[in-house]
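# Chains, contacts and geometry: an overview
Spelled out, the chains give:
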Amino acid sequence: MAAAKPLPGVTSGSLNFADGRYAVEEATPDMVRVTVGGAEVRNGKPTDQKIASTMTMVWEDSVWKVRSDGTERTLDELFASGSAFSGGC
């Protein structure tokens, strides 16, 4: 995600997880695959756009490392059945 080229006119971007959702797709002691979703923030202002991404992370050399990302659930599915972040994020 960090390597993605910025959109024209966007000087900063982030996700707000205050109303976000997550779903653990698979987990072992040294691997987790989780889908997270939140509201997009562009140039410091919230948008109506929601974004979701599925990330696979592995425990390696005493740190969690992202191995892959993509999408595993639709936005509608994630926001209908995913867990809310406790107290926002």
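In every chain, residue numbers begin from 1 and rise along the written sequence. Local features are withheld for residues below a pLDDT of 70 in this predicted model, meaning they are given only at 70 or higher, and side-chain atom pairs are given and counted only at 80 or more; totals for whole chains, interfaces and linings count all residues. Based on all heavy atoms of the structure, the side-chain values leave hydrogens and waters out of the count.

### Topic: the packing of aromatic side chains
Only Phe, Tyr and Trp rings are paired, with Trp represented by its six-membered ring, and only when their centres lie within 6.5 Å; those with planes under 30 degrees apart are stacked, over 60 edge-to-face, the remainder tilted. Under the criterion given, the structure shown has three aromatic pairs. Ring geometry for Tyr22 against Phe85: centres 5.3 Å apart, planes inclined by 40°, an arrangement best described as tilted. Of this pair, Tyr22 sits in strand E1 (residues 13-28) while Phe85 sits in the segment after strand E5 (83-84), and the two are 63 residues apart along the sequence. Site record: aromatic cluster; members linked through ring pairs are Phe17, Tyr22 and Phe85. Any Lys NZ or Arg CZ that is within 6 Å of a ring centre and within 35 degrees of that ring's normal is treated as a charge sitting over the ring. Sitting above the plane of the Phe79 ring, Lys50 keeps its charged end 5.1 Å from the centroid. Put simply, DSSP marks the helices as runs of H or I at least four residues long and the strands as runs of E at least two long, and each gets a number from the N terminus on.

### Here's the deal with the sheet that holds strand E4 (residues 63-70)
Here, a strand pair is defined by DSSP locating no fewer than two bridges between the strands. The strand order E4-E3-E2-E1-E5 describes an open sheet built from five strands, whose pairing is antiparallel. Either end of the sheet is taken by a strand with one partner, and the two such strands are E4 and E5.

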